[in-house]
Amino acid sequence: MNSLSVCILLADGFEEAEAIIPADLLKRLGVKIIFAGVNSIDVRGTHNFHIKADNLIDNISSNDFDALILPGGLPGTINLRNSEKVINLVKHAYQNGKICAAICAAPIVLRDAGVATDKHITGYPNCEKLSYEPNFKFTGNSVERDGSIITAKGMGKANEFAFEIARALNISKEDILSVAKNTFIYE
């Protein structure tokens, strides 16, 4: 068992699968998961599922985790982007060498926090507009990792996104393959 921890920020309207799939897979790898609500402990997803967060963002600092995950979804991404607390936590996490990961539309939060400049990023196809902005290298790949920034296209890539975060956390290839084989059973 390792002592790694990941904080997943939840704002009303988040895409449930983009939060739950990475949380589940990383937890199976022995990572402590901290769900942090942006505005409340009871957070409603875009499909009206409710998750009770472990804590509020007000009580979280980048010293509390090794990686920060921003799920996409609408209006969840907009609610993350419009939160000064979220922007400040992302900036502080990045400045302290923490992994900052965003999926689907959430890479715009990384952009607005100023941590994705000159980074290879991907995201939901509508995010390709970032490729027209100066200093953004939008690739359109399924998952992209550039230094401590990890991005993914969307819900269908949530497992690949989680495993890339695991690799960035230096979890062994053997452990990742074991969880992948035991989790995704194809017959």
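The structure we're discussing is the one just above.
What you are looking at is a predicted structure, and each value in this text was computed from that prediction instead of being measured.

> Can you walk me through the overall build of the protein in this structure?
Within the protein, the regular secondary structure consists of six helices and eleven strands. Scaling as 2.2 N^0.38, a compact globule of 187 residues should have a C-alpha radius of gyration of about 16 Å, and the protein matches this with 15 Å. In terms of its C-alpha atoms, the protein occupies a principal-axis envelope of roughly 40 × 35 × 35 Å. Buried positions account for 52% of the 187 residues belonging to the protein.

> Even after reading the chapter, I still don't get the pairing of strand 7 (residues 99-103), so can you show me in this structure?
In the case of a regular strand, side chains alternate between the two sheet surfaces. Counting buried residues along strand 7, five of its five residues qualify, which places the element largely inside the surrounding structure. Burial of the side chains of strand 7 extends over both faces: Ile99, Ala101 and Ile103 are buried on one face and Cys100 and Ala102 on the other. Taken together, the four bridges between strand 6 (residues 67-70) and strand 7 define a ladder with parallel strand orientation. If you follow Ile69 over to strand 7, its bridge partner there is Ala101. One ladder, built from four bridges, connects strand 7 with strand 11 (residues 149-152); its direction is parallel. The residue of strand 11 that forms the bridge with Ala102 is Thr151.

> Just checking my understanding: could you explain the pattern of salt bridges for this structure?
Where side chains of opposite charge bring their charged atoms close, a pairing between them can arise. Inspection of the entire model under this criterion finds seven salt bridges. One salt bridge connects Asp58 with Lys85, and the closest N-O pair in it is separated by 2.7 Å. One end of the pair, Asp58, is in the loop between strand 5 (55-56) and strand 6; the other, Lys85, is in helix 3 (residues 84-95), and 27 residues separate them in sequence. Looking at Asp58, the relative accessible area reads 49%, which means it is partly exposed. On the accessibility criterion, Lys85 (41% relative accessible area) is partly exposed. When the shortest N-O distance is used, the salt bridge between Arg111 and Asp112 registers 2.8 Å.

Reading the values: the criteria
Residues numbered from 1 in each chain as written. Predicted model: local features only at pLDDT ≥ 70, side-chain atom pairs only at ≥ 80, totals over all residues. Heavy atoms only, no water. Helix = DSSP H or I, 4+ residues; strand = E, 2+ residues; numbered from the N terminus. Rg over C-alpha atoms; globule rule 2.2 N^0.38 Å. Buried < 20%, exposed > 50% of the residue type's maximum accessible area, 1.4 Å probe, protein only. Pairing = 2+ DSSP bridges. Salt bridge = Lys/Arg side-chain N within 4 Å of Asp/Glu carboxyl O.

Keep in mind that these numbers describe shape and distance, not what the molecule does.
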